[in-house]
Amino acid sequence: MAEAVPQHLALPSGLLELCALLGPARDSLRGPEQVAQRKGVKSLSSLKPEVLSVFVPPFVSKEDGAAAGVNCATLGKPRRRSFRKKRERPKAEPWRGLPGGPRGPDPEDVSVPNGVDLLALPQLCFPGGVCVASEPKEDCVHFLVLTDVCGNRTYGVVAQYYRPLHDEYCFYNGKMHWEVSGPSGGTAGCFVPFAVCVVSRFPYYNALKDCLSCLLTHLKFCKDFEVDNHIKDFAAKLSLIPSPPPGPLHLIFNMKPLQIVFPSRADPESPLIDLDLHLPLLCFSPEKVLQILTCLLTEQRVVFFSSSWALLTLVAECFMVYLHPLQWQHTFVPILSGQMLDFLMAPTSFLMGCHLDHFEEVSKEADGLILINIDSGSIAHLSKEDAAVPDIPLLAAQTFVQRVQTLQLYHELDLAHLCASTDLNEDRASRRAWQQGLNHQIQQITVHLLVSIFRDVKNHLNYEHRVFNSEEFLKTRAPGDQAFYKQVLDTYMFHAFLKARLSRRMDAFAQMDLHTQSEEDRINGTLLSPRRPTIEKMASRKSSPLHAADRRMVVSMPNLQDIVVLELPPRNSSLRKMHTSDCGSSHAVLCVAPKSTHTFKIPEVHFPLVGQCVQAFHADCAAQLTKVMGSLPPESSALLAGYLYLRGLVRLTQGQLLGALLDFQSLYKTDVRIFPADLVQRTVESLSGPERAQAERTPELRRLMSKVMDKPADAPKADDRVKHFELPRTHMQLDDFVKRVQESGIVKDTGTIHRLFAALTVGHEKQIDPETFKDFYNCWKEAEAEAQDVSLPLSVIEHLDKNECVYKLSSSVKTNRGVGKIAMTQKRLFLLTEGRPGYVEISTFRNIAEVRSTTVAFLLLRIPTLKVKMVSKKEVFEANLKNECDLWHLMVKEMCAGKRLADEHKDPQYVQQALTHVLLMDAVVGALQSPGAVYAASKLSYFDKMKNEMPLAVPKTTSETLKHKINPSAGHLDPAEKIEDAHPKLWCALDEGKVIVFDASSWTAHQHCFKVGTSKLNCMVMAEQSQVWVGSEDSVIYIINIHSMSCNKQLTDHRSSVTGLVVQDGAQAPREVYSCSMDGTVLAWNVSTLRVTSRFQLPSCGLSSIRLHNDRLWCCTGTSIMLVTTNGFVRQELKINENFTEISTSFLGFQLIPEQEQLWAACAGYGDLYIWSLRDLAQPPQRIHLPECSEVNCMIRVKKQIWVGGTGLSQGRSKGKIYVIDTERKTVEKELVAHADTVKTLCSAEDRYVLSGSGREEGKIAIWKVE
């Protein structure tokens, strides 16, 4: 027999929080005077409703006291809390009590869940009052949203039904009595309304509506004294149903006659959706939907009206989903009864709902409200002229309207060609599948609308300092959109949205933003700083009629209801997919099919509900879950996670704590996103002494317990505040100036900011006053704005590369090639001629041989002139730049120096840095406006001075072999990789658990640094096509899905730092990965099941790496290199103390060359390589000297070469060096001066390239050609 759950272990509650029966007070129906008044009267007065019965879990009969603790989900819950004024509570009647005794306790004694106010519940369940009817009425349903004082929501579904009233106040044989009673006092045709309310923590509107519909088939015909028992059994069933975890697993429960489906949320970030999202699109035109969304985004005081109580909540909830991932932060009461209308006088933002009967009353009494009539699809603004609701941005609105009009909103059109279904549940399943597909399409459209509105917000965020520059963002908005954005930026909703963006949350907005941005935007976001429009974007703007509308028409933008969608194709009633090719947006909405879902049927519940029956139900659940899990294919990890979660909950309910912890340990490895850490911690804390001892003896549980219990007790909460950039008001010393400039987003590099500080303080005290900073900041931003407005003619654009940007334009000057403006891009100088605009090439920076600033005589004047001499041309370009000459001289020289450095080091970041220096010079000169301004700007001429002070000395061999350099820490990067992108990828592990991914075809970053843990990452391997495994210093192996770029699986079987990973080669099935850790443990993993297939412990610690060759493992420890079978038997061992007796050393790494039967190894403290023969490891090794090498860190084999990375001397300085050694001749073929810091790691890319990573002082990756 299963043990009872400990009383102090609070389990997650199931679907049911509370079930209540409500109706008119019995006293109000008893008086003979009242009965007489009702005879023959058509209009009957309203009665006062009250709570008649309350049913709260757990539901276990008292006859089985031993099993009373089986379900303790609600133990320890606080008493009911009411935030409304208490009124006198009626006494409970003997015949209408709570289950479990002949007389019900006072409701004050019932443990009522938080957020449920029993005093307010009758008004909400009968919002229109309780009216006795003279003839039967149809059953009806409406929906509630209940909010407690902490803002936590619970959800109610209310079903109203009518029962006839008789003289004896009972029913005869369970049948309704329709005859009119005699004149002696019987009631004629009186039908009394009752309501059953189900309250849940989850918004299961459709599912609970179906459940209540099944219940009403029993209640309407049962005897009076049987009502409570039916409701109690119904509530008991619901209380046993667990809530499904996020993922593809939905639950099915047989409520007879219907099969009820309880859907799960798609992922932890998504809302739970169990309603028809197209309801607002049936009630309102797309333009009206946009107006309502605008009211919500600007946080107006919104009131919905309808003659249907059900529509009030459903439509309001649909709009909440439309806003996702933005969240309404204010009061949300979708149903107000007639007695609650005073709530509408609240001065703060809210969303409420009223019956249409109150429309006139509200419109007369209230001011500043947005009144939305659901029945007529109209919107009324009761606002003052100066508080008008703005229109949504035009381009986003047009795209939304077009896409909504392509939706198929009528299921009947899909059924027209099908035969009628003869199975009720089959018909319902078909309807549900259609609705899920439509809901998914609507969610895609609404998320794309939000992305269209807020996509550019990220360009004005400073992630490091959590700063949003709202003023600069507003300046980039079209004039007609300014009013909308000004209101939205001040809302609580937008502030929460900013927090999520600054935290780089990968929610629905971020995913849609990623998948709908153009390739140009993605690359620009990673490289160009400061940002300028590329030539490609200029060309697209010229050819885009919608952009012309954005620039010209928005100044007098029409109201949303007047939007005319031009050339919209005729609506196709059978259309099932959105066609976005004609939507007129540069970013097509992503048409992703909804993820496939699976169902698990919950076993039947048997009555009477005694402890044994509950135990049998849970045992049946666990058995069925185990059976289904056993038949799952290995790739169904998301589905397996859902089953593990459910079985863990069931086992907890059974009292099988250790079994539950084992399930949660497996869940942690399968999908950490849905791992219930708090529940597992409470479970561990509730273990008894013997249970804890048994858990400590189980390695998996011991690891899990330490994981959840060893969290720092007082870990400081991360600062998630959002700061708005403000100009300084006091004088700034250097440190404060660095912080201010970094917050502004102008430049991040501390060294550059130090030089900027020196430039702005030339000839002054070493501090910067607020006015100087303001002038500099304004000059920088004005230059940005001017660059955005640069519009080149197509005849000029065709001469430039598509990724070039115009960074600087001179004033109109006279040159020896005509009159015009000199333009600077990151690649060249050209002349934009005046009159008929034309393009005259001056030179690329690579081709400039000399730049001079001189003067030429004109009459009696000497005019400052810039002369540019090219390498390939004899002609010298001359431009009479006058006052701009000295500045352009500095700028061109800096760009030339940056380009030469970039070419020498194969590192394009030098050009980006030179551009930053140039634009800072321009801003400094504009800010200082003094004779010494150009001299001050020369402080920023960093690369030009570097060229003069330290001539370029990249060795020829290094320059010829080096192909490219990239900086993983530079630039703003996108959140994830596109699924359809098939380019090869470079994965880089950085400090503190950071991982970044580069597109190896263009060496541009595809993935912003996402984190796997917080410790150093030691090793990385691709285990299969969709998984990258990363070994960490914290002893965890993190598994990253390469499609979603997320880490939802972790392997925690190692006890110390994971130092090596190797994949089994060949076509073995299933594939295996071997991992090793510093304590000498080696584990073999089945990649499909993520289970350990074998393990062994080496006799010595310090295991740093492993290699797999001919099904044997070569393991390197500090003191030896061992050949080990996959079962852990040592076959050979090379001990270091037998070969190096003079000084103490250790093995750093090794490589095998099987065809030559050789083992190459590097040792600490030696700048040499040592080669042993595999035939006899006892023979002394052969030694290869590495010239001027002081340290070896890594080595790899590429073709017939060994590449060794470490530290060595170059021109008398310590540098990161790579030595390339021929394995046949055993000679050093190349010495490559790779990095400014030591070479930490090497990686081979298809034996065509070798990639080297340097230490933290440089932090760059170099790509080398293999010959």
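Just so we're clear, the structure is a prediction, and the values are computed from it rather than from any experiment.

A. Broad picture of the overall build of the protein chain. The helix and strand inventory of the protein chain stands at 33 helices and 53 strands. By sequence separation, contacts in the protein chain at least 24 residues apart represent 61% of the contacts at least 6 residues apart. In the structure as shown, the protein chain presents an accessible area of about 56,400 Å², 51% of it carried by carbon and sulfur atoms.

B. Seen up close, unusual backbone geometry. With omega at 10 degrees, the peptide bond leading from Lys-256 into Pro-257 counts as cis. Mapped onto the fold, Pro-257 is located in the loop between strand S8 (249–254) and strand S9 (259–262). Cis geometry marks the peptide bond from His-324 to Pro-325, where omega comes out at 10 degrees. We note that Arg-504 has phi near 55 degrees; this positive angle belongs to a residue other than glycine. Examined against the element boundaries, Arg-504 turns out to sit in the loop between helix H14 (492–502) and helix H15 (508–516). Arg-504 gets classed as partly exposed once you look at its relative accessible area, which sits at 30%. Within the chain, Lys-1199 stands out as a residue other than glycine whose phi angle is a positive 55 degrees. Secondary-structure assignment places Lys-1199 in the loop between strand S47 (1189–1198) and strand S48 (1201–1210).

C. Representation of the state of the cysteines within the structure. In this structure the tally under the stated criterion is zero disulfides. With no disulfide of its own, Cys-125 lies closest to Cys-197 among cysteine sulfurs, the gap being 4.0 Å. Cysteine Cys-1163 is unpaired, with the sulfur of Cys-1116 as its nearest cysteine sulfur at 8.8 Å. According to the relative accessible area criterion, Cys-1163 is buried, its value standing at 1%.

D. Region of interest: the nonpolar core. Membership of the largest hydrophobic core comes to 195 residues, with the highest contact counts inside it found for Leu-238, Phe-262, Phe-304, Phe-319 and Phe-454. With residues up to four places along the chain from it excluded, the contact list for Phe-454 reads Leu-326, Tyr-485, Val-488, Phe-494, Phe-497 and Phe-509. Counting residues in each nonpolar core, the second largest holds 64 residues, with Phe-725, Ile-746, Ile-768 and Met-891 among its members.

E. Fine view of the packing of helix H21 (residues 657–670) against helix H24 (residues 699–709). Where H21 contacts H24, the two axes come as close as 10 Å, and the packing angle between them is 75 degrees. One finds that H21 runs roughly perpendicular with respect to H24. Between H21 and H24, the residues in contact are Leu-658, Leu-661, Leu-662, Gln-665 and Tyr-668 and Glu-700, Leu-701, Leu-704 and Lys-707, respectively. Its residues assigned to classes, the contact of H21 with H24 comprises six nonpolar, one polar and two charged.

F. The arrangement of the pattern of salt bridges in detail. Under the criterion given, the structure shown has 33 salt bridges. In this structure, Lys-458 and Asp-513 form a salt bridge, with 3.1 Å as the shortest nitrogen-oxygen distance. Of the two residues, Lys-458 sits in the loop between helix H11 (424–454) and strand S15 (461–462) while Asp-513 sits in helix H15, which places them 55 residues apart along the sequence. Judged by its relative accessible area of 16%, Lys-458 falls in the buried class.

G. The arrangement of the sheet that holds S8 in detail. As summarised here, the arrangement of the three strands in space is S9-S8-S17, forming an open sheet in which the pairing is mixed. Every other strand in the sheet has two partners, leaving S9 and strand S17 (598–601) as the edge strands with one partner each. Averaged over all adjacent pairs, the angle separating strand axes in this sheet is 30 degrees, with direction ignored. Relative to S17, S8 is paired through four bridges, and the arrangement is parallel.

H. Quick peek at the packing of aromatic side chains. Taken as a whole and assessed by the stated rule, the structure comprises 28 aromatic pairs. Both rings, one in Tyr-155 and one in Tyr-205, keep their centres 6.1 Å apart while their planes meet at 90 degrees; by these two values the pair is edge-to-face. Separated by 50 residues along the polypeptide, Tyr-155 in strand S6 (residues 153–164) and Tyr-205 in helix H3 (residues 205–219) bring together distant segments of the chain. The interplanar angle of 85 degrees and the centroid separation of 5.2 Å between the aromatic rings of Phe-484 and Tyr-485 together place this pair among those described as edge-to-face.

I. Expanded view of the packing of helix H23 (residues 689–696) against H24. Running from N to C, H23 and H24 cross one another at 110 degrees; their axes reach a closest spacing of 6 Å. Classed by the angle they form, the pair H23 and H24 counts as roughly perpendicular. Residue-level contacts link Arg-692, Ala-695 and Glu-696 of H23 to Leu-701, Arg-702 and Met-705 of H24. Broken down by class, the residue content of the contact of H23 with H24 amounts to three nonpolar, no polar and three charged.

J. The arrangement of the sheet that holds strand S16 (residues 467–468) in detail. Reading across from one edge, S15-S16-S18 is the order of the three strands in this open sheet, with mixed pairing throughout. This sheet does not close on itself; its edge strands, each paired only once, are S15 and strand S18 (723–724). Pairing of S16 with S18, which is carried by two bridges, proceeds in the parallel orientation. Bridge assignment links Val-467 to a residue of S18, and that residue is Lys-723.

K. Molecular detail of a nonpolar patch on the surface. A cluster of nonpolar side chains, namely Leu-282, Tyr-410 and Leu-413, defines an oily patch on the protein surface of about 280 Å² accessible area. Tracing the sequence through the fold places Leu-282 in helix H5 (residues 279–283).

L. Just the environment of Ser-1120, in detail. Its place among the elements puts Ser-1120 in strand S41 (residues 1120–1125). Remark: the alpha-carbon pair of Ser-1120 and Phe-1147, spanning 27 residues in sequence, is separated by 7.0 Å. Contacts of Ser-1120, omitting those with residues within four sequence positions, involve Ser-1100, Cys-1115, Glu-1133, Leu-1134, Lys-1135 and Phe-1147. There is a polar contact of 3.2 Å between the side chain of Ser-1120 and the side chain of Glu-1133.

M. Representation of the confidence of the model for the protein chain in the model. For the protein chain, per-residue confidence averages 81 on the pLDDT scale, and 82% of positions sit at 70 or higher. Low pLDDT, under 50, characterises residues 65–108; the predicted model gives this stretch 99 contacts beyond four residues in sequence or across chains.

N. Spotlight on the pairing of S41. For S41, a buried count of six out of six residues is recorded, marking the element as mostly surrounded by other parts of the structure. Burial along S41 is two-sided: Ser-1120, Met-1122 and Val-1124 facing one way and Ile-1121, Leu-1123 and Thr-1125 facing the other are all buried. When strand S40 (residues 1112–1116) meets S41, the two strands line up antiparallel, connected through five bridges. When the bridges of S41 are listed, Arg-1112 appears paired with Thr-1125.

O. Geometry of H21. Over its 14 residues, H21 extends 20 Å from the first C-alpha to the last, a length consistent with the 20 Å expected when each residue adds 1.5 Å. Of all the 14 residues making up H21, 13 are buried; the element is thus mostly covered by neighbouring parts of the structure.

P. Just the side chain of Thr-958, in detail. Relative to the elements of secondary structure, Thr-958 occurs in helix H33 (residues 956–961). A distance of 2.9 Å separates a polar atom in the side chain of Thr-958 from the backbone nitrogen of Val-1233. For Thr-958, the residues in contact, after removing those within four places along its chain, are Glu-1231, Leu-1232, Val-1233 and Trp-1264.

Q. Layout of helix H26 (residues 750–760). Residues Thr-752, Ile-753, Arg-755, Leu-756, Phe-757, Ala-759 and Leu-760 constitute the buried set of H26. Between the side-chain oxygen at the start of H26 and the backbone nitrogen of Gly-751 there is a gap of 3.4 Å, and the oxygen is on Asp-749.

R. Structural context of the environment of Ile-996. In this fold, Ile-996 is placed in strand S29 (residues 994–999). Expressed as a C-alpha distance, the spacing of Ile-996 and Lys-1011, which sit 15 residues apart in the sequence, is 9.0 Å.

S. Inspection of the side chain of Gln-1151 at higher detail. The topology assignment puts Gln-1151 in strand S43 (residues 1147–1153). Among the residues examined, Gln-1151 registers a relative accessible area of 9% and is labelled buried. Engagement of the side chain of Gln-1151 in a polar contact is seen with the backbone oxygen of Met-1195, the distance being 3.0 Å. Those residues within four positions of Gln-1151 in sequence are excluded, and the remaining contacts are Arg-1107, Gln-1158, Leu-1159, Trp-1160, Met-1195, Ile-1196, Arg-1197 and Ile-1202.

T. A look at the environment of Lys-994. Here Lys-994 shows up in strand S29. In this structure Lys-994 comes out as partly exposed when scored by relative accessible area, which is 30%. When the C-alpha atoms of Lys-994 and Lys-1016 are compared, they prove to be 8.4 Å apart, with 22 residues separating the residues in sequence.

Cut-offs and rules
Residues numbered from 1 in each chain as written. Predicted model: local features only at pLDDT ≥ 70, side-chain atom pairs only at ≥ 80, totals over all residues. Heavy atoms only, no water. Helix = DSSP H or I, 4+ residues; strand = E, 2+ residues; numbered from the N terminus. Contact = heavy atoms within 4.5 Å. Areas by Shrake-Rupley, 256 points an atom, 1.4 Å probe, with all protein chains shown as cover. Buried < 20%, exposed > 50% of the residue type's maximum accessible area, 1.4 Å probe, protein only. Disulfide = S-S within 2.5 Å. Core = buried A, V, L, I, M, F, W, Y, C linked by side-chain atoms within 4.5 Å. Axes fitted to C-alpha atoms, helices over the stretch in contact; angles between N-to-C directions. Parallel < 35°, antiparallel > 145°, perpendicular 65-115°, else oblique. Nonpolar A, V, L, I, M, F, W, Y, C, P; charged D, E, K, R; others polar. Salt bridge = Lys/Arg side-chain N within 4 Å of Asp/Glu carboxyl O. Pairing = 2+ DSSP bridges. Phe/Tyr/Trp six-rings, centres within 6.5 Å; stacked < 30°, edge-to-face > 60°. Patch = residues over 30% accessible without salt bridge, like charges linked within 9 Å, V, L, I, M, F, W, Y side chains within 5 Å. Polar contact = N/O pair within 3.5 Å; in protein donor to acceptor, adjacent residues only side chain to side chain. pLDDT = per-residue confidence, 0-100. Expected span 1.5 Å × (residues − 1).

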